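Residues per chain are reported as follows:
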Amino acid sequence: MELIKELLYNSGKPLGELYTWAHGIWAGWGAPPFLLDLIFQIVIGVAVAAVVVLNALWIIYYDRKLSALMQIRKGPNRVGPLGLLQTIADTVKLMIKEDINPKAVDIFSFWIAPLIIFIPTFAVFLVLPFGKGLIPADLNIGILYVVAITGLTVIGILAAGWGSNNKYSLIGGLRSAAQIVSYEIPMMLVILSIVLMTGSMKMSDIVAAQSHYKWFVIPQIIGFIVFLIVGNAEINRAPFDLPEAESELVAGFNTEYSAMKFAFFYLAEYTNLFLTSAIAATLFLGGWEGPLLPPIVWFFIKTYFVVTILMWIRWTFPRIRVDHLMEFSWKYMLPIALLNLVITAIVIKLV
Amino acid sequence: MIFTEILDKLKAKHEVLESKEDLGVLNAWVSAKKIKEVIGFLKNDMQFGQLSFVTAVDLMAANNIEMVYRLFSYETKSDVVIKVKLDRAKPEIETITSIFSTADWHERETSEMFGVKFLNHPDPNRLLLPDGIDMPLRKDFKCADMTPLPKV
Amino acid sequence: MTTKAPFELEKLSNDEYILNMGPQHPSTHGVLRIILKLDGEVVKDLYCDVGYIHSSVEKMCENKKYEMIMPYTDRLDYLSAVNYNWGYALAVEKLMGITVPERAEYIRVMLAELNRIMSHLLWYSAYGMDVGALTPIMYAFREREEVIDMIEGMTGGRLTHNAFRFGGFRNDLPKDFMDSLKKFIGHFNDKIDEYEALLINNIILTARTIGVGVLSKETAINYGVTGPSLRGSNCAIDLRKTAPYSIYEKFDFKACVGKNGDTWDRLKVRMDEMRESTKILKQAMEGIPAGDIMAKVPKIIKPAPGEVYTKVESARGEFGVYIVSDGTDKPYRIKFRSPSFSNLSVLKEITIGSKIADVVAIMGSLDLVIPEIDR
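## A few points about the domain arrangement of chain C
Residues and elements named next belong to chain C.
- Taken domain by domain, chain C holds domain 1 (9–49) and domain 2 (57–372).
- With 18 residues of domain 1 at the contact, the number on the domain 2 side is 16 residues.
- Here domain 1 meets domain 2 over a buried area of about 1500 Å², counting both sides, of which 74% is carbon and sulfur.
- Per-residue buried area on domain 1 facing domain 2 is highest for His29, Val43 and Leu46; these three make up 36% of the total on that side.
- Of the charged contacts, one joins Asp45 and Lys348 as a salt bridge, the two residues approaching to 3.8 Å between their closest N and O atoms.
- Applying the counting criterion to the domain 1 and domain 2 interface returns three residue pairs in polar contact (both at pLDDT 80 or more).
- Mapped by element, the contributors of at least two residues to the side of domain 1 that touches domain 2 are strand 1 (16–21), strand 2 (33–39) and strand 3 (42–49).
- With six residues, the single largest contributor to the side of domain 1 that touches domain 2 is strand 3.
- Residue classes in the side of domain 1 that touches domain 2 are distributed as 11 nonpolar, four polar and three charged.

Okay, here's the thing in structure tokens:
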């Protein structure tokens, strides 16, 4: 009982003890320690993968139920209790479907694209602080790593657009490239102002800087709003879903994809949604900090709060036009983010 | 505007071959060569701003294809019908696309349905029908691969 | 249907490419093919290719008796079938000199206006989908369902009603029709405000539609554009007003007009039109007399030789029926003048120079129904 409580509220300590204890036994067997580290890393990787998949299953269900609520309909309610198994049924369907390779595709980029898109989203989970000490890899450059890794997604989308050998896909891919590149900059500026306030890029430090409920959402309210908008654009969700604008480009960059390759795109989209929300929760809403409930629960509550906002936006607004999208980024988001950064810097210097 | 008034004005400027009143609307027959001037006159001088439609009727007994142009005036709220009799063997008429842009599509449709050739048409392609079906709205049209349903 | 390419590939400059939009495309509302010549995202030229679902309705009608043609008119524009029935019934009645009893005229007006609301609600939903808003459809369909239930109660059909008979109706209104109509009128205006708040006045949508696809009054009339698309160009032409048929003179309503003729004005006109239709419905509900619903009509419909053209204001514009009768029980020639046919032909004029996304937005604002283009 005590152990479970300890695990939930202060996960770092028991996990650290487990690590030292295992190393002690390992050394007693006379085996090289790096092998144990490797095993630990594999276990962590599998755990993260489990979190990613389970979370994606749930978030898709949540999106469908929430949109149903907003659209005065019922949503999935046939498979399993309350339709909870719907996503699993869909996944199984996607897995057993025929994987179609159209004749004209560039087979290499066509195959590699879903992987390039999916792997970064998976990799970013490594630096997410789920709870106190519960962080798969607490890198010194945590937030920079996040920005760098998520930037890779654009290559995948471009590859998908080009490899499909379809004009709709190509337009979608190019739109996406332009969009992600131009929205990356205001996003980094906002993150930079957070880094200015904490003086560290380590995720755990950023959370620690907000302890005792000094959440950055108060001083950085402009940054928070900009981050939400820009983050929403980064992950290509409505109203910024131009790369896959259904009514214009059929399905954009994933027009030609089917079966599991399509599932990867789908999974990546929802995982990205979760990631952006999780980062927003970490940077602005105090991460896992909160009263009574265990940190990991608070982390998910905050993340899903942001997820809900993003979904709400998605199901309300029509799609923005491509030139307005660019204008919006360069003429509004970038100056606001820049101004926010400058003000942050001045205030920090003065205080 | 009642139909006699329209007819008088039209007759003063252009030759009207034949005319009659049908349910209160003037039907005037003009010659095929004059169609452009007549329609232009009706539009510019008599405020017939809308071309409702252009079509044709196959009068097989008289060996004619009759072009029907129906115009409507938003100002005077009156209709006028201009008709042109064309030779069924070689129906040809000048296009009026330069006067009414809407005539473009209507003429293309009439062209493929009745085999009327519109001279100087800017886009003389087919509109609705695929290649291989010609003049289906003529009365003697026989579809090659159409088998009638059995009588029950 | 064109078999030869409208744009020659050799003549394209290095920046240009051809994009085939349709015949199977989510936002062409049916099987319409638009061939776009693009420079990046900018439309340089476009060509409409229609005729994929041409079914030769006019030829079929030439081989059917007059009363058998009524269901065909439903299928032309499945979204405002009542108005199409009416246009055809009006033509035959005019040809035969049948006077419709007043109660039947009132019922016709009520059905037609309900049908107009039904059609505009579907347009609103589809337009939301076109511009990427996925929620409006659910809200509009909530009210559309009420309207359909009412019409279904009267005619038995939910989409293709085949409601009209020459000279009136076969059945009177069902008992609960007036109650449901009253209930519907009571809350529908608030719902229209809700729709406007959700989509039409949304800042993203206004940015996308104001000043886009400007259709001037002259161009519109020259291309034979009618209906809400024409009225959006500040041109108060509504056949119910300008060339009143049936008993529309008795009702107090206005022809809604837009200001600049851009896409947003066309949207706004349709929203306003639903309000006006509600007004007409209210007046019709209060003024409906008792009496016959069917005129004396001969058993065999055999009009005298002659020809007739009647037009009604359908949800999309002027729907006209031109009948040439040769005195037999089948029409010698029948021509349907459909509004979408002319409305689509203006697309090229107003789209060139805008973006791909605008093509969808403009096309949606013209409210096309493909079967009535192809017939």
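The structure having been displayed, the exposition proceeds.
## As for the packing of helix 4 (residues 102–130) of chain C against helix 14 (residues 356–366) of chain C
Residue and element names in this part refer to chain C.
- Between helix 4 and helix 14, the least distance of the axes is 9 Å, while the angle of their chain directions is 180°. Taken as axis vectors, helix 4 and helix 14 run roughly antiparallel relative to one another. Across the interface between the two elements, Trp123, Tyr127 and Asp130 of helix 4 pack against Val360, Ala361, Gly364 and Ser365 of helix 14.
- Residue composition of the contact of helix 4 with helix 14, grouped by class: four nonpolar, two polar and one charged.

## Let's talk about unusual backbone geometry
- A positive phi angle, near 45°, is found at Ile72 of chain A, a position not held by glycine.
- Along the chain, Ile72 of chain A falls in the loop between helix 3 (33–70) and helix 4 (86–96).
- Positive phi values are uncommon outside glycine, yet Met135 of chain B reaches one of about 50°.
- Along the chain, the position of Met135 of chain B falls in the segment after strand 7 (117–119).

## Brief notes about the sheet that holds strand 5 (residues 318–325) of chain C
Residues and elements named next belong to chain C.
- A sheet is described by the order of its strands in space; here three strands give the open sequence 4-5-6, paired in antiparallel fashion. Sheet topology places strand 4 (306–313) and strand 6 (331–337) at the edges, where each strand pairs with a single neighbour. On average, each strand axis in the sheet is inclined to that of its neighbour by 10°, with strand direction left out of account.

## With respect to the interface of chain B and chain C
- With 46 residues of chain B in contact, the opposing surface of chain C contributes 41 residues.
- Approximately 3600 Å² of surface area, both sides summed, lies buried where chain B meets chain C, with 55% of it carried by carbon and sulfur atoms.
- The largest per-residue losses of area from chain B upon contact with chain C belong to Tyr74, Trp105 and Leu128 of chain B, which jointly make up 19% of the total buried on that side.
- In this assembly, chain B and chain C are joined by five salt bridges.
- The salt bridge involving Glu109 of chain B is made with Arg375 of chain C; its shortest N-O contact spans 3.1 Å.
- Between chain B and chain C we count 17 residue pairs in polar contact (both at pLDDT 80 or more) in total.
- Elements supplying a minimum of two residues to the side of chain B that touches chain C: strand 3 (50–59), strand 4 (64–72), strand 5 (79–87) and helix 3 (103–114) of chain B.
- Counting residues per element, the side of chain B that touches chain C draws most heavily on strand 3 of chain B, which supplies 10 residues.
- Its residues placed into classes, the side of chain B that touches chain C shows 23 nonpolar, nine polar and 14 charged.

## With respect to the packing of aromatic side chains
- Scanning the model with the defined rule gives 38 aromatic pairs over all chains in all.
- Measuring from centroid to centroid gives 5.6 Å for Tyr62 of chain A and Tyr304 of chain A, while their planes differ by 80°, and the two rings are edge-to-face. Residue Tyr62 of chain A is found in helix 3, and its partner Tyr304 of chain A is found in helix 13 (residues 295–316); the two are separated by 242 residues along the sequence. With respect to burial, Tyr62 of chain A and Tyr304 of chain A carry one shared label: buried.
- Between Tyr248 of chain C and Phe253 of chain C, the aromatic rings sit 6.1 Å apart at their centres with planes inclined by 65°, giving edge-to-face as the arrangement. With respect to burial, Tyr248 of chain C and Phe253 of chain C carry one shared label: buried.
- Among the aromatic side chains, those forming a connected cluster through ring pairs are Trp58, Tyr61, Tyr62, Phe125, Phe274, Phe299, Phe300 and Tyr304 of chain A.
- Here the guanidinium or amino end of Lys139 of chain B rests over the ring plane of Tyr332 of chain C, the centre of that ring lying 4.2 Å away.

## What about the sheet that holds strand 1 of chain C?
Residues and elements named next belong to chain C.
- Strand order across the open sheet formed by three strands is 1-2-3, with antiparallel pairing between neighbours. Either end of the sheet is taken by a strand with one partner, and the two such strands are strand 1 and strand 3. For this sheet, the mean angle separating the axes of adjacent strands, direction not counted, is 20°.
- Relative to strand 3, strand 2 is paired through seven bridges, and the arrangement is antiparallel. In the sheet register, Leu36 faces strand 3, and the bridge partner there is Leu46.

## Section: the nonpolar core
Residues and elements named next belong to chain A.
- In this structure, Ile59, Leu128, Phe227, Leu283 and Phe284 are the most contacted members of the largest nonpolar core, which totals 83 residues.
- Per-element accounting of this core gives the leading share, 12 residues, to helix 12 (residues 259–284).
- Each residue touching Leu283, except ones within four places of it in the same chain, is listed here: Ile143, Ile191, Ile194, Ile206, Gln210, Phe216 and Phe227.

## Some remarks on a nonpolar patch on the surface
Residues and elements named next belong to chain A.
- Among the surface-exposed residues, Trp58, Leu82, Leu84, Leu85, Ile88, Val92, Met95, Ile96 and Met260 lie close enough to one another that they form a single nonpolar patch of about 860 Å² accessible area.
- Looking at which element gives the most residues to the nonpolar patch, the answer is helix 4, with four residues.
- Tracing the backbone shows Ile88 in helix 4.
- In this structure Ile88 comes out as partly exposed when scored by relative accessible area, which is 41%.

## Considering the interface of chain A and chain C
- Listed as interface residues are 24 residues of chain A and, on the opposing side, 33 residues of chain C.
- Summing both partners gives a buried area of about 2500 Å² for chain A against chain C, and 60% of it is carried by carbon and sulfur.
- For the chain A face of the interface with chain C, the top three residues by lost area are Ser247, Pro318 and Arg321 of chain A, together amounting to 24%.
- Linking chain A with chain C are three salt bridges, by the criterion used here.
- Across the pair Lys355 of chain C and Asp323 of chain A runs a salt bridge, and its minimum N-O distance is 3.9 Å.
- Those elements that place two or more of their residues in the side of chain A that touches chain C are helix 8 (167–198), helix 11 (246–249), helix 13 and helix 14 (322–350) of chain A.
- Of all the elements, helix 8 of chain A adds the most residues to the side of chain A that touches chain C, at four residues.
- For the side of chain A that touches chain C, the residue count by class is 11 nonpolar, four polar and nine charged.

About the cut-offs
- Residues numbered from 1 in each chain as written.
- Chains lettered and ligands numbered in written order.
- Predicted model: local features only at pLDDT ≥ 70, side-chain atom pairs only at ≥ 80, totals over all residues.
- Heavy atoms only, no water.
- Domains from an automatic or database assignment.
- Contact = heavy atoms within 4.5 Å.
- Buried area = accessible area lost by both parts, 1.4 Å probe.
- Salt bridge = Lys/Arg side-chain N within 4 Å of Asp/Glu carboxyl O.
- Polar contact = N/O pair within 3.5 Å; in protein donor to acceptor, adjacent residues only side chain to side chain.
- Helix = DSSP H or I, 4+ residues; strand = E, 2+ residues; numbered from the N terminus.
- Nonpolar A, V, L, I, M, F, W, Y, C, P; charged D, E, K, R; others polar.
- Axes fitted to C-alpha atoms, helices over the stretch in contact; angles between N-to-C directions.
- Parallel < 35°, antiparallel > 145°, perpendicular 65-115°, else oblique.
- Pairing = 2+ DSSP bridges.
- Phe/Tyr/Trp six-rings, centres within 6.5 Å; stacked < 30°, edge-to-face > 60°.
- Buried < 20%, exposed > 50% of the residue type's maximum accessible area, 1.4 Å probe, protein only.
- Lys NZ or Arg CZ within 6 Å of the ring centre and 35° of its normal.
- Core = buried A, V, L, I, M, F, W, Y, C linked by side-chain atoms within 4.5 Å.
- Patch = residues over 30% accessible without salt bridge, like charges linked within 9 Å, V, L, I, M, F, W, Y side chains within 5 Å.
- Areas by Shrake-Rupley, 256 points an atom, 1.4 Å probe, with all protein chains shown as cover.

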